[in-house]
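Residue-level listing of the chains:
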Amino acid sequence: MLKILSIGRNTLGRLAKFADDALPMESCALLLGKEEYTTDTVHDFVLLKNNDQSKYSFSVHSRDLFHAYQKASRSGLSVIGIFHSHPSLPRPSEKDKKFMELNPIVWLIYSTLNHKYSAFLYSDGIIPVQINSIQGMRRSTSLGNKTTSLTF
Ligand SMILES: [Zn+2]
């Protein structure tokens, strides 16, 4: 079963800038969205502080995670993915693989070396996830009797 991560081009651009700006440290963020069949769609994200302040690893303070989960539930979204950057190629490290098994949601990795993305998921082993970048994704939000569109 092929898993697909559907994510706005703008979001990919903003995550890449966040990671490039944080160099030489690794960066991390949580991806919020919805899961539908085999496609996870990103609607929002929360940029996080790398608690390790390391070039080779990342961790997130439980307080920051708590706030991210609160933000997700307030917007009716779930935490569907974990983003982090690598100063090397966008392949999971041994430590990543261990944590992917503990957090079996999509892991999106951005390489600050070649500026490419890749995504993986633990499901009886590490499997690649297809990234579908979408232009100007829109989501309708009802506010009273008015409907507004938000662009991500
Ligand atoms: Zn990593």
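Note: the structure precedes this text.
Everything numeric here is computed off the predicted structure, so don't read it as measured data. (Residues numbered from 1 in each chain as written. Predicted model: local features only at pLDDT ≥ 70, side-chain atom pairs only at ≥ 80, totals over all residues.)

(A) The arrangement of the sheet that holds strand β6 (residues 117-122) in detail. Reading around the circumference, β1-β3-β2-β4-β5-β6-β7 is the order of the 7 strands in this closed barrel, with mixed pairing throughout. The sheet shows a mean angle of 35 degrees between the axes of neighbouring strands, taken without regard to direction. Those strands touched by helix α3 (residues 94-102) are β5 (106-111), β6 and β7 (126-134), and its axis lies near 50 degrees from that of β6. (Pairing = 2+ DSSP bridges. Helix = DSSP H or I, 4+ residues; strand = E, 2+ residues; numbered from the N terminus. Axes fitted to C-alpha atoms, helices over the stretch in contact; angles between N-to-C directions. Contact = placed C-beta atoms within 7 Å.)

(B) Spatial organisation of the pairing of β5. Counted residue by residue, β5 has 5 buried out of 6 residues, so it is predominantly covered. Two elements, strand β4 (residues 78-86) and β5, share 6 bridges in a ladder whose sense is parallel. Looking at the pairing, His86 lines up with Ser111 of β5. Sheet analysis places β5 next to β6, joined by 4 bridges and oriented antiparallel. Note on β6: the bridge partner recorded for Tyr110 is Tyr117. Linking two consecutive strands that pair antiparallel, namely β5 and β6, is a turn of 5 residues; a positive phi of about 55 degrees is found at His115 within it. (Buried ≥ 20, exposed ≤ 12 C-beta atoms within 10 Å, placed from the backbone.)

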